Amino acid sequence: MTTLCRDCGALATAMPSGERCGACGSPRLIAHRELGTLSIAHVDCDAFYATVEKRGRPELADRPVIIGGGARGVVLACCYVARLYGARSAMPMFKALAACPSAVVIRRDMAQYREVGREVRAEMRRLTPSIEPLSIDEAFLDLGGTQMLHSACPAQLLTALAKRVETVLDITVSIGLSDNKFLAKIASDLDKPRGFAILSRSEAAAFLADKPVSLLWGVGAAMQRRLAGDGIALIGQLAELGDRELAARYGRIGARIARLARGEDDRTVLAHSQAQTISAETTLAHDEAEADVLSRVLWPLCEEVSARLKQSSLAAGTITLKLKTTDFRVRTRSRRMADPTQLADTLFHTAASLLAGEADGVTRFRLIGVGADALADGHAADPPTLFEGELDGPRRLEQAIDQIRGRLGDGSVQFGRGLSRIDLRTGLAGSRRKDIG
């Protein structure tokens, strides 16, 4: 049994449970037979948005904090104190505030979160280039082959990473270590916050046996209902049926969940994986039917998606409009672009034309969003055409505005189409959300 001190990184081959580290005296020890050999990690920042907001604000240290806003919005994130009261991410704000009326509600600051996320990612790159981001605050790391370079095993490197992030950036992370991505992701949820858990493939079958099938990657609500119809609710039941029976019953997904039920996952860490969608959406403070009002709400969303495309050196091959009616029915309309684009102006005019076909002045909508799909390399964005004059003005204007905002901040320049009646008539519920998938 190998034991690791999570504070100083010292390794010992034998250290009875409950003892302190012989090197630094810390009680924060973790022991596992395969600790020195596992190399696939999932690193997840703890309550990231709320933790970032609490940095440097000692008055919020023990207060419940919710990131979101507006009575009709949703909770984007909440700290662990708020979770003790029953608040949860994606919960309607009115329900979260009913559960936790003393919560401090803070509007989101995506620019700040992205900056801290980049700083965390930079710390990860000190260990390995094999990083697969899942979102702004979590990623898979493949630390195979790094031991000789850093003169430390992956587990030691990860404890050092957690300590640096906490010391330098004043946020905490939870770490899962295994020999594949599926188990590493599960492990990172076992010891939160500020945790470190190990789950190897050799112990996976026993660990998973009494867990619900929903824990398996790719088993959504529809598959859960299908399995429940066959009397299957636990992962151990899948393991008992075996590969051949599950494949016969459920086809390719049956074969895959059979492997996962044994803790097997052959997916590699994709260091250069690319987002499939970049999108932004907002819940309106009041249901709205008028196209001109909706289009004014649409513009800042297009600016946000444009900024993320440029930052990621990506371009939209398809633009998608998302609308949600008052009865929570979702409508999506898409248009394929002749050439990939990064321009907010192009995103807006395309999405606005899609909106014109949906906003009939009668149907009322509670949510609107825009997404960039079929993403391409940013170097292919907005190529010159025979009608260069039509595009050159908006492109040069947008480049100039980007430069000004880069020097003076995002709010230094505003377009008129993003102002006026939105604030006076509808307002925004403060729940604008950005998704990268």
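Here goes a summary of the coordinates provided.

So, how was this worked out
- Residues numbered from 1 in each chain as written.
- Predicted model: local features only at pLDDT ≥ 70, side-chain atom pairs only at ≥ 80, totals over all residues.
- Heavy atoms only, no water.
- Phe/Tyr/Trp six-rings, centres within 6.5 Å; stacked < 30°, edge-to-face > 60°.
- Helix = DSSP H or I, 4+ residues; strand = E, 2+ residues; numbered from the N terminus.
- Buried < 20%, exposed > 50% of the residue type's maximum accessible area, 1.4 Å probe, protein only.
- Lys, Arg positive; Asp, Glu negative; His and termini not counted.
- Salt bridge = Lys/Arg side-chain N within 4 Å of Asp/Glu carboxyl O.
- Polar contact = N/O pair within 3.5 Å; in protein donor to acceptor, adjacent residues only side chain to side chain.
- Contact = heavy atoms within 4.5 Å.
- Core = buried A, V, L, I, M, F, W, Y, C linked by side-chain atoms within 4.5 Å.
- Pairing = 2+ DSSP bridges.
- Axes fitted to C-alpha atoms, helices over the stretch in contact; angles between N-to-C directions.

Scanning all chains against the criterion turns up three aromatic pairs. Here Y49 and Y113 contribute two aromatic rings whose centre-to-centre distance is 4.3 Å and whose plane-to-plane angle is 10°, an arrangement assigned as stacked. In this pair, Y49 is assigned in helix α1 (residues 48–54) and Y113 in helix α4 (residues 110–125), connecting sequence segments 64 residues apart. Of the residues examined, Y49 reaches a relative accessible area of 14% and is grouped as buried. Aromatic pair W299 and F348: ring centres 5.5 Å apart, planes at 90°, arrangement edge-to-face. Taken together, the residues span a long stretch of sequence, with W299 in helix α12 (residues 291–311) and F348 in helix α13 (residues 344–356) at a distance of 49 residues. For F348, a relative accessible area of 8% gives the class buried. Joined through ring pairs, the aromatic side chains of F48, Y49 and Y113 make up one cluster.

Attention now goes to the side chain of K54. Residue position: K54 is located in helix α1. Of the buried charged residues, K54 lacks a salt bridge, with D62 as the closest side chain of opposite charge at 6.6 Å. Side-chain polar atoms of K54 contact the backbone oxygen of R63, separated by 3.0 Å. Dropping the residues within four chain positions of it, K54 is found in contact with L60, A61, R63, V65, C79 and V81.

A word on the nonpolar core. With 56 residues, the main nonpolar core has F48, I66, I67, L158 and I171 as its most contacted residues. With seven residues, helix α6 (residues 154–169) is the largest single contributor of residues to this core. Ignoring sequence-local partners within four residues, the contact set of I66 consists of V75, A77, C78, A82, A87, M93, A96, L97, A103, V104, V105 and I106. Within the second largest apolar cluster, 30 residues are counted, among which are I319, F365, A372 and L375.

Strand order in this open sheet of three strands is β6-β5-β7, and the pairing throughout is mixed. Either end of the sheet is taken by a strand with one partner, and the two such strands are β6 (77–78) and β7 (104–106). Relative to β6, strand β5 (residues 65–67) runs antiparallel, the two being bridged by two bridges. Along β6, the bridge assignment pairs I66 with C78.

This brings us to unusual backbone geometry. With an omega dihedral of -10°, the bond running from K192 to P193 counts as a cis peptide bond. Along the chain, P193 turns up in the loop between α7 (181–188) and β11 (196–198). Even without glycine at this site, S151 takes up a positive phi of about 55°. You can call S151 exposed: its relative accessible area is 68%. A positive phi is found at F328, a non-glycine position, where the angle reads about 70°. Position of F328 among the secondary structure elements: in the loop between β13 (314–325) and β14 (330–341).

Read from one edge of the open sheet, five strands run β8-β9-β4-β10-β11, paired in mixed fashion. Either end of the sheet is taken by a strand with one partner, and the two such strands are β8 (131–135) and β11. The mean inter-strand angle of the sheet, taken between neighbouring strand axes irrespective of direction, is 15°. Sheet topology places β8 next to strand β9 (residues 138–142); four bridges connect them, and they run antiparallel. Within the sheet, the bridge partner assigned to P133 lies in β9 and is A139. Along the sheet, α7 makes contact with β4 (40–45), β8, β9, β10 (173–178) and β11, crossing β10 at roughly 145°.

Read these as spatial facts, not as claims about activity.
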